[in-house]
Every structure is written in C-alpha cells, then in structure tokens.
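# Coordinates in review
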Amino acid sequence: MKLYIETVGCQMNELDSELVVASLRKDGYELTASPHDADTILFNTCSVRQHAEDKIYSALGRLKNAKREHPGKVIGVLGCMAQKDQGLIFKRAPYVDLIVGPGQLHQVPGLVREIRAGGGQRMEVSLNRKDGTREQIERSHESFDPLRDPAMRPTPYQAYVRIMIGCDKFCTYCIVPSVRGPEQSRPPADIVAESRQLANEGCREIILLGQTVNSYKYREGDHTWRLSDLLASLHDIEGIQRIKFVTNYPKDMTNDLLAAVRDLPKVAKYLHVPAQSGSNDVLARMKRGYTVEDYREMIARTKEWMPGVAVSSDFIVGFCGETDAEFQLTMDLVRECRFKNSFIFKYSERPGTKGAELYPDDVPDEVKRRRNHELLALQNEISEADNHAFIGREVEVLIEGPSKAAEKEAAAADAEAPSPNGPLQLTGRTHCDRIVVFEGNPRQIGHTLPIIIYDANAHTLFGEIATRHSGPELFTLSVPLQTA
Ligand code: SAM
Ligand code: SF4
C-alpha cells in the first residue's frame, strides 16, 4: 500500500511526520511522491498562521474528485489544524476520513486500519485547554515518541529529538498553547536512550526540540533536571558530534545554560532566541513577559560569555496597533543585535487567542508587507556583511549531504545515486550554524572537515576543503649518477 504525506509548519511537525510514516511502514506502507498513486493521503498541518491553513483547505479541495473516483482512498488531516478545527474539517470537506490532533498521533495506524475495514470517519483529538483539570488535559496530549527508524529521516546523520511538548507561555498572538496543550518535559532517561540509539545508527547531530526548549524541567526525586543537565548527559554519548536545541525563550536563557553551551564542545555555538519586537509596548501587548532591556541584557551576556556565538531571531511585524515608531524600534534592535538570520512574519490573527479577543488586527496588509520587506532587507544586509568576515578563514563543517543545487541537478538529469567517489557539490554547517557549500565527494557526507571560505552571500558561505600538507617540507630527488 502506498502513503502520500504532506507536511507544513515547524520542525516539531517534521518530526511528527517522520514518526507517523515509520509507524505506517510497519503496517506495510511504502511512501509515494504523488497523491494520485496513494491509498492513503495524510496532511500534517500547522495553524500558526492563516496562510498555512488556507493551503491545506485548498489541497483538500483538489482531492474531492479523486475521492469520488476512488472512494477507497483514505484522506487524513493530522496535527495542529486538526486539533484546532476538529469536526469543522468534516463539514468543510466531508470526504475526509480521518482527523487526528498532535497529541493522538500514536493512534494513526489503528485508525487507518479501522477506516479501511469500513468503520467510517474517525476523529481523535486531545482535550481543549478549558475542558478539564490540568492533569486530565496533560494526559490527553501524549508525547508521540516511538522507536526511531533511520530510513525515515532526510539524512541518517541528523535527527530531531523531542525533549518537551506543549507550551504554557500564552503569548497573545499564538495558537500553539491551545493546540499543543500544556508544557510537559520528557524524562531525561528516555531522551538519552533515544539519542544513544540514534548515535548507534550512525546519527552525528541531534537537534533537541521544544516550543520553549530552555524551559525544560524534569523533577526526579530531589533533583530537577534542566536543559544544562541534559546537554551534559547527551554530550557523553559516543558518536554524537554536535548538539543543537530550538527554540529558546529569552527569559529562560539562564547562566547555567550559557555555561553549558560555552563549555561543552559538542554543543553548537548557536542560539535561536526569538525577540518578536523591539518595542516594549508591543511586547507588553504580545504578553511576551520581558522588555527590550531584558532582551538586550541577555544578548550582551551571551556575547560576553561566548564571543563569536551566532544568535538568530523571529519577528512579527504589524501586530495589533503597531505604529511606525514602534516598528522602527524593531529595526533598531536588529541593527544592534546583528542576528545571524531572522524569520520575519506578518501578524496573522488567530481566532481563540487573547490577541484576537483583546486587540483589533488594525495594521493594513500593505503596511505589514512593507515592514516585512524593510526588516528583511536590513537583516540580509547584516547577514551578508557578517558572512563576508568569514572569507579567508577556516571553519569546521559537519557535512550534511549534496547541496540543493546538486540535488536539483540530479533530479533534472534523473540521475541515479551519485558515484561514491565522484565530485559533488556538498553542503554542511559550521559550529555556529552557518551554511557552507563546497566541492567534495559523497563519501565525505557525515564527516566533519576543515573548509576554507573564499566567498559569501547573506545565506551561504562558499569554500573548499583545506588540504593539509603532511610529510617532510622538502623532497630531494636523488638521481643516480651515471658513470661514463
Ligand atoms: N515557540 C517558539 C517561540 O516562542 O519563539 C516559536 C513558535 S511559532 C511556531 C514560530 C514563530 O511564528 C513565532 O516565533 C512567531 O514569530 C511566529 N508566529 C506565531 N504566531 C503568529 C501569528 N499569529 N502571526 C504571525 N506570526 C506568528
Ligand atoms: Fe507561542 Fe509564545 Fe509559546 Fe512560542 S512561547 S509557542 S510564541 S505561546
């Protein structure tokens, strides 16, 4: 049987899809790249912005005829939009068979089997945040962490590892706490065991995931594990060469964590710490729980402890009531912090959030668009200038695989797997998460190599493998003298 899956949204969704596919493979499914060939079609959805939801509803609309012609096809909607819209999805697209929230994904194989056996439509979602005690709601959002299947990851050398689910911060613009439920940290022993298994399967880099990953807390007897403790334990795993974690909450960037990042060589010197805005009034309306001064202090401390650290951020432009002057304060913050990169989003009102209830979405779309372009142009200018500073330097790169251009070329030529020794454009990342592209060969994938940078733009460093001179400095060729 064939499975087609489309994933939108964050890394958490990418990991969820990887795990759902692995669990369906055990039921005999093979992946297909086309929905037309598929017996089961799944959408793993996002509801952070309206645009992500619109995309899914129009993809569902396109399947209406296919379902009429092949009623046996199972169509399922998983993830955040499934949890948010629940039965509304059946109303808008009555030919959908399955709706499963992010806290119920372990049920997907069983539900698909029931539908195939003629059981009719199925929906499994978690309790809404107001529909029970905290304990009941927590239990209804189960962390889905089955055994890992290396074949399901985009590269065998990198893997996401979930360390917590949910969020309790309730920023006023954000739907995540409603759809992903209360913040719950996974037991450290489970995280270490999963990472060890990944290392045994050849994984070199793990990326720890949580909505506010640095708020990780797990009580075990008298001891409370924090992210810094977890990093120290994971650091001991043989085979793991690099550890990253996303996304950080500015207020929880504590000194023990900074010390762990500084002192543990395998931990990437890279921190994603979204600021969202440079204006205190906007931050207060967003209920982010910190001021710009707090954020600046955190950045100053981070850079003082780790010169050369790379920090990236997220920003929302055009949040309710954002004036031009408030937006300029965001520009100032970006100018000052010199982020490695920033993800910039136009505010999208989410029904059910405090923001939607309290404040009108009153910044015109055209103004949001203009601010988005202006902030992006500034960020690109900074990224390019800072990347240029790498020209002539040697960096350590963990090689991830063929570059995007090489992959495109191979797909266009419909080429078979590259020869293990032929030249190939490769890509990888530095310790501070900068993307590097260079000429190498496929057997170098998964290794760390020194690369000398000769060019750069805002997004990429271009380099060549540093070849080491070894052996005696001078060679003397002795030619036997010919006697006459
Ligand atoms: N938990 C992370 C954090 O607190 O930074 C990220 C969660 S969210 C999936 C990723 C980003 O989407 C946020 O940092 C924010 O910039 C953006 N975002 C969230 N809600 C949004 C909304 N309603 N409109 C526009 N952007 C939004
Ligand atoms: Fe959303 Fe704020 Fe939680 Fe991030 S911290 S997931 S932005 S509520």
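All of the points below concern the structure found in this document. Positions within a chain are numbered from 1, following the residues in the order the chain's sequence is written. Think of it this way: whatever chain is written first is A, whatever ligand is written first is 1, and the rest follow in order. Totals for whole chains, interfaces and linings use every residue, but because this is a predicted model, local features are given only for residues with pLDDT of at least 70 and side-chain atom pairs only at 80 or more, for both listing and counting. With hydrogens and water set aside, each side-chain value is computed from the structure's full complement of heavy atoms.

## Some words on the site of ligand 2
Residues are classed as near a molecule or strand on a simple rule: at least one heavy atom within 4 Å of it. In the vicinity of ligand 2, the contacting residues are C167, K169, F170, C171, Y173, C174, V176, P177, Q211, T212 and R288. Each residue belonging to the shell around ligand 2 can be placed in one class, and the counts come to 7 nonpolar, 2 polar and 2 charged. Amino acids outside the nonpolar list (Ala, Val, Leu, Ile, Met, Phe, Trp, Tyr, Cys, Pro) and the charged list (Asp, Glu, Lys, Arg) are all regarded as polar, and Gly is one of them.

## Quick word on the sheet that holds strand β17 (residues 394-402)
If you walk around this closed barrel you meet the 5 strands as β17-β18-β19-β21-β20, and the pairing is mixed. The average angle at which neighbouring strand axes cross in this sheet is 50 degrees, direction not considered. Of the strand pairs in this sheet, strand β20 (residues 448-456) and strand β21 (residues 460-465) are connected by 5 bridges, and their pairing is antiparallel. When the sheet's bridge partners are listed, I451 is paired in β21 with I465. For two strands to be treated as a pair, DSSP must find no fewer than two bridges joining them. Helix and strand assignments follow DSSP, with helices taken as H or I runs no shorter than four residues and strands as E runs no shorter than two, numbered in order from the N terminus. Comment: axis = line fitted to C-alpha atoms, over the contacting stretch for helices; angle = value between 0 and 180 degrees taken between N-to-C directions.

## Some remarks on the site of ligand 1
In the region of ligand 1, 15 residues are neighbours, and Y173, Q211, Q276, D314 and S348 sit closest. N or O atoms closer than or at 3.5 Å make up a polar contact, with two conditions inside protein: a donor-capable atom paired with an acceptor-capable one, and, for residues adjacent in sequence, both atoms drawn from side chains. Between ligand 1 and D314, the relevant distance is 2.6 Å, taken from an oxygen atom to a side-chain nitrogen or oxygen of the residue. Here S348 contributes a backbone N or O atom positioned 2.8 Å from a nitrogen atom of ligand 1. In short, Shrake-Rupley with a 1.4 Å probe defines the accessible areas, and a residue's cover is counted only from the protein chains shown. For ligand 1, whose unbound accessible area comes to 550 Å², protein coverage reaches 91%. Of all the elements in the fold, those that place two or more residues in the shell around ligand 1 are β15 (310-317) and β16 (342-346). Among the residues forming the shell around ligand 1, the class breakdown is 6 nonpolar, 4 polar and 5 charged.

## Notes on the packing of helix α13 (residues 292-305) against helix α14 (residues 324-337)
Relative to each other, α13 and α14 sit at 10 degrees, their axes nearing to 11 Å. In this view, α13 runs roughly parallel relative to α14, as classed from their interaxial angle. Of the residues in α14, those touching α13 at V292, Y295, R296, I299 and K303 are L333, E336 and C337. Residues of the contact of α13 with α14, tallied by class, amount to 5 nonpolar, no polar and 3 charged. Throughout this description, any angle smaller than 35 degrees is read as roughly parallel, any larger than 145 degrees as roughly antiparallel, any in the 65 to 115 degree range as roughly perpendicular, and the remainder as oblique. Residue contacts follow a heavy-atom distance rule, with two residues in contact if any of their heavy atoms lie within 4.5 Å.

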